[in-house]
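Spelled out, the chains give:
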Amino acid sequence: MLGWTEILGLTAGVFTTAAVTPQIWKAWKTKEVDDVSLGMFFVLITGLALWVAYGIITKDIPIIATNGVAFTLNSFMLFLIYRYREKK
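Since we're looking at a predicted model, the values are computed, not measured. (Residues numbered from 1 in each chain as written. Predicted model: local features only at pLDDT ≥ 70, side-chain atom pairs only at ≥ 80, totals over all residues. Heavy atoms only, no water.)

Draft legend 1. Representation of the layout of surface pockets within the structure. Of the volumes computed, that of the largest pocket is approximately 250 Å³. Lining the largest pocket are 19 residues, with Gly 9, Ala 12, Gly 13, Thr 16 and Thr 66 sitting closest to its centre. Those elements giving two or more residues to the lining of the largest pocket turn out to be helix H1 (4–18), helix H3 (38–58) and helix H4 (61–84). Looking at which element gives the most residues to the lining of the largest pocket, the answer is H1, with 8 residues. Taken together, the residues of the lining of the largest pocket break down into 10 nonpolar, 8 polar and 1 charged. (1 Å grid on protein atoms, 1.4 Å probe; cavity = no way out; pocket = protein on both sides within 12 Å on 5 of 7 lines; lining within 4 Å. Points joined across faces, edges and corners; volume = space filled by probe spheres on them. Helix = DSSP H or I, 4+ residues; strand = E, 2+ residues; numbered from the N terminus. Nonpolar A, V, L, I, M, F, W, Y, C, P; charged D, E, K, R; others polar.)

The following block contains the structure:
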């Protein structure tokens, strides 16, 4: 059975993982990404990769799972930025 700290951690992981989904949906729908910060997504993806590595080292499944999914979602957003960014 999960204790309250594990539930709190998993809830936080779900919310931070899902945070990018409105941005992905908007970019997918409108195909407009000119106002999205490319640098922020590079830094975020790097941090997420490091969290996954930390989770693997410490064998912390919630850290691996939530940050792995967040890494994938944010990488997809980075793909959308490159796909839809106007070449100037």
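Draft legend 2. Expanded view of the nonpolar core. Residues Val 20, Ile 24, Ala 27, Val 33, Val 36, Phe 41, Ile 45, Met 77, Leu 78, Leu 80, Ile 81 and Tyr 84 constitute the largest nonpolar core, which totals 12 residues. Among the elements of the structure, helix H2 (21–30), H3 and H4 are those that each provide at least two residues to this core. Among the elements that take part in this core, H4 stands out by supplying 5 residues, more than any other. Residues in contact with Leu 80, not counting those within four places in the same chain, are Ile 24, Ala 27, Trp 28, Val 33 and Arg 85. (Core = buried A, V, L, I, M, F, W, Y, C linked by side-chain atoms within 4.5 Å. Buried < 20%, exposed > 50% of the residue type's maximum accessible area, 1.4 Å probe, protein only. Contact = heavy atoms within 4.5 Å.)

Draft legend 3. Quick look at the environment of Ala 19. Locating Ala 19 in the fold gives a position in the loop between H1 and H2. Separated by 55 residues in sequence, Ala 19 and Asn 74 place their C-alpha atoms 9.7 Å apart.

Draft legend 4. Structural view of the packing of H3 against H4. Packing of H3 against H4 brings their axes to within 9 Å, and their N-to-C directions diverge by 155 degrees. Relative to H4, H3 is oriented roughly antiparallel. Crossing angle aside, the handedness with which H3 passes H4 is left-handed. Only Ile 63, Ile 64, Asn 67, Gly 68, Ala 70, Phe 71, Asn 74, Ser 75, Met 77, Leu 78, Ile 81 and Tyr 82 of H4 make contact with H3, whose side of the interface consists of Leu 38, Phe 41, Phe 42, Leu 44, Ile 45, Leu 48, Ala 49, Trp 51, Val 52, Tyr 54, Gly 55 and Ile 56. Class assignment of the residues belonging to the contact of H3 with H4 gives a composition of 19 nonpolar, 5 polar and no charged. (Axes fitted to C-alpha atoms, helices over the stretch in contact; angles between N-to-C directions. Parallel < 35°, antiparallel > 145°, perpendicular 65-115°, else oblique. Left-handed = near helix turned anticlockwise from the far one by under 90°.)

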